[in-house]
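Descriptive analysis of the structure
What follows is the residue order along each chain.
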Amino acid sequence: IADDEVDRGADLLVATGLGVASSTPAATLATVLTEKEVAAVVGWGSLVDDRGWMRKCAAVRDAARRGRKILAAKGDMIDLLAAVAGADLAALTGFVSQSALRQTPLVLDGLVSTAAAAVAQRIGRRTTRWVVAGHRSADPGHAEERLGGGRLHPRKVLQRRVVEDDVGRHVAFAREREAFGAERL
């Protein structure tokens, strides 16, 4: 998809979450990659009560155990995606990686795309040169500094709270282009 868009003339791409419940595998990736406690990473998402949040924490905890074993044994990001994420996060990771390979600036929208970028950064070290966060999510797992070990921290971030998966993709492109133009390209 990134290739098609760049070939059609896109000079800025946006990566966003792909659907309901995508924050759970994204929180799992964040937990594994940052080595943080589950409760420090898992957000409320669309859950409405404490019991739902606890079930989400348990799911992330169990998946993170599998993910940590994979990283300890192989350190392979593709195997990690296969074990704790899904096709959507794998595709998004590929989108982020290919955007960087094509040297096309990419705006991240929320935890899901930031987790994909963190995996992509571990696959190809130059990825973060082409990535900027469109905003800082209220989700506790969406700390760019934490996910990227400092390498995903954008130079300019819009300090605002947005509703994930919808409003965030309507980033002020002029400001983002200015940030890339002045600091990256």
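Our structure's up above, just so we're on the same page.
Not measured: the values here are computed from a predicted model.

**Here's the deal with the overall build of the protein**
- A count of helices and strands for the protein gives nine helices and three strands.
- Element order for the protein, N to C, with α for helix and β for strand: α-β-α-α-α-α-α-β-α-β-α-α.
- In the protein, which comprises 185 residues, the proportion classed as buried is 47%.
- Counting only contacts in the protein whose residues sit at least 6 apart along the sequence, the fraction spanning at least 24 positions is 69%.
- Surface exposure of the protein reaches about 9200 Å², of which carbon and sulfur atoms provide 52%.

**Quick word on the pattern of salt bridges**
- All told, the structure shown has six salt bridges when counted by the stated rule.
- Put simply, E5 and R8 hold a salt bridge, and the shortest N to O gap is 2.9 Å.
- When its relative accessible area of 28% is taken as the criterion, E5 is described as partly exposed.
- Judged by its relative accessible area of 63%, R8 is exposed.
- Ionic pairing is found between D79 and K74, a salt bridge with its closest N-O pair at 3.0 Å.

**So, helix α2 (residues 23–34)**
- Taking 1.5 Å per residue, twelve residues should reach 16 Å; α2 reaches 16 Å between its end C-alpha atoms and fits that length.
- Where burial is concerned, most of α2 is hidden: eleven out of the twelve residues are buried.
- Restricting attention to buried positions, one finds in α2 the residues S23, P25, A26, A27, T28, L29, A30, T31, V32, L33 and T34.
- Just downstream of α2 lies E35, where phi reads positive at about 60 degrees.

**Regarding the side chain of T34**
- When you line up the elements, T34 lands in helix α2.
- Separated by 2.5 Å, the side chain of T34 and the backbone oxygen of A30 make a polar contact.

**Things to note about unusual backbone geometry**
- The backbone of E35 shows a phi angle near 60 degrees, a positive value even though the residue is not glycine.
- Residue position: E35 is located in the loop between α2 and α3 (38–41).
- Look at E35 and you get exposed, because its relative accessible area is 68%.
- Phi is positive for Q103, which is not a glycine, with a value near 55 degrees.
- Overall, the relative accessible area of 52% leaves Q103 in the exposed class.

**With respect to the sheet that holds strand β3 (residues 131–133)**
- Within the open sheet, the three strands sit side by side as β1-β2-β3. Their pairing is parallel. This sheet does not close on itself; its edge strands, each paired only once, are β1 (13–16) and β3. Taken pair by pair, the neighbouring strands of this sheet meet at an average axis angle of 30 degrees, ignoring direction.
- One ladder, built from three bridges, connects strand β2 (residues 106–109) with β3; its direction is parallel. Its bridge partner being in β3, L106 is matched across the sheet by V131.
- The strands that helix α7 (residues 110–123) touches are β1 and β2; relative to β2, the one it contacts most, it runs at about 130 degrees.

**Describing the nonpolar core**
- Judged by nonpolar contacts, the single largest core of 29 residues is most densely connected at A15, L29, L80, L89, F95, V96 and L106.
- Residue assignment for this core shows that the elements contributing at least two residues are α1 (2–7), β1, α2, α4 (50–73), α5 (77–84), α6 (87–101), β2 and α7.
- A total of eight residues in this core trace back to one element, the largest contributor, which is α7.
- Setting aside its immediate chain neighbours within four residues, L80 contacts L29, V32, L33, G67, I70, L71 and A85.
- Residues A30, W53, C57 and V60 belong to the second largest nonpolar core, which totals eight residues.

Parameters at a glance
- Residues numbered from 1 in each chain as written.
- Predicted model: local features only at pLDDT ≥ 70, side-chain atom pairs only at ≥ 80, totals over all residues.
- Heavy atoms only, no water.
- Helix = DSSP H or I, 4+ residues; strand = E, 2+ residues; numbered from the N terminus.
- Buried < 20%, exposed > 50% of the residue type's maximum accessible area, 1.4 Å probe, protein only.
- Contact = heavy atoms within 4.5 Å.
- Areas by Shrake-Rupley, 256 points an atom, 1.4 Å probe, with all protein chains shown as cover.
- Salt bridge = Lys/Arg side-chain N within 4 Å of Asp/Glu carboxyl O.
- Expected span 1.5 Å × (residues − 1).
- Polar contact = N/O pair within 3.5 Å; in protein donor to acceptor, adjacent residues only side chain to side chain.
- Pairing = 2+ DSSP bridges.
- Axes fitted to C-alpha atoms, helices over the stretch in contact; angles between N-to-C directions.
- Core = buried A, V, L, I, M, F, W, Y, C linked by side-chain atoms within 4.5 Å.

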